[in-house]
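# Observations on chain architecture
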Amino acid sequence: MNIVKKDGRIEKFNIRKVKTSIENAARDSGTMVNESDLNILVNDVEKVLLKVRKDSLVTSSYEVIGTIFEILKRDGFNSILRAYVEFDK
């Protein structure tokens, strides 16, 4: 899958960047998240993006951010979500 960045560049989608951003938000919020929870969150983000973009396999930074928001909210990681929102401003 490819991703259209905010500045218009197209890159190969890197799920490790999603994991790092969630880890950083967890650290910033003071929330301990174990590797298992982190892997579930990251895998869920990837599954949703692949399902939504199954035909084109091109997503955008905005879609990735929105998907991360929804997954964190759905799974009750509200403090991480708040830190993620603050970081993304």
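As annotated in an unreviewed UniProt entry, the chain carries the name ATP cone domain-containing protein and is attributed to Clostridium tertium.

With that settled, the discussion passes to the overall build of the chain. For the chain, the helix and strand inventory stands at four helices and three strands. Scanning the chain from its N terminus toward the C terminus, one meets helices and strands in the order β-β-α-α-β-α-α. For 89 residues, the compact-globule estimate of 2.2 N^0.38 gives 12 Å, and the C-alpha radius of gyration of the chain, at 13 Å, lies within 12% of that figure. Judged by the C-alpha coordinates and their principal axes, the chain covers about 35 × 25 × 20 Å. Evaluated residue by residue, the chain yields a buried proportion of 31% over its 89 residues. Sequence-distant contacts, at least 24 apart, represent 53% of the contacts inside the chain between residues at least 6 apart. For the chain, the computed accessible surface area is about 5700 Å², with 53% contributed by carbon and sulfur atoms. Computed over 16 positive and 14 negative side-chain charges, the separation of the two mean positions in the chain equals 2 Å.

Applying the stated rule across the entire model yields one aromatic pair. Taking 5.6 Å as the distance between ring centres and 90° as the angle between the ring planes, the aromatic pair formed by phenylalanine 69 and tyrosine 84 counts as edge-to-face. Taken together, the residues span a long stretch of sequence, with phenylalanine 69 in helix α3 (residues 61-74) and tyrosine 84 in helix α4 (residues 78-88) at a distance of 15 residues.

Residues three or four positions apart in an α-helix share a direction because the helix packs 3.6 residues into each turn. Compared with the 21 Å implied by 1.5 Å per residue over 15 residues, the 21 Å span of helix α1 (residues 15-29) between its first and last C-alpha is a close match. Those residues of α1 that fall on the buried side of the exposure criterion are Val18, Ser21, Ile22, Ala25 and Ala26. Projected onto a plane normal to the axis of α1, the buried residues spread over an arc of 135° and lie on a single side. Exposed residues lying more than 90 degrees from the buried face of α1 are Arg16 and Arg27. Its side-chain oxygen 2.9 Å from the backbone nitrogen of arginine 16, asparagine 14 forms the N-cap of α1. Where α1 terminates, the next one or two residues include glycine 30, which has phi positive at roughly 75°.

Definitions and cut-offs
- Residues numbered from 1 in each chain as written.
- Predicted model: local features only at pLDDT ≥ 70, side-chain atom pairs only at ≥ 80, totals over all residues.
- Heavy atoms only, no water.
- Helix = DSSP H or I, 4+ residues; strand = E, 2+ residues; numbered from the N terminus.
- Rg over C-alpha atoms; globule rule 2.2 N^0.38 Å.
- Buried < 20%, exposed > 50% of the residue type's maximum accessible area, 1.4 Å probe, protein only.
- Contact = heavy atoms within 4.5 Å.
- Areas by Shrake-Rupley, 256 points an atom, 1.4 Å probe, with all protein chains shown as cover.
- Lys, Arg positive; Asp, Glu negative; His and termini not counted.
- Charge placed at Lys NZ, Arg CZ, Asp CG, Glu CD.
- Phe/Tyr/Trp six-rings, centres within 6.5 Å; stacked < 30°, edge-to-face > 60°.
- Expected span 1.5 Å × (residues − 1).
- Arc of directions from axis to C-beta.
- Polar contact = N/O pair within 3.5 Å; in protein donor to acceptor, adjacent residues only side chain to side chain.

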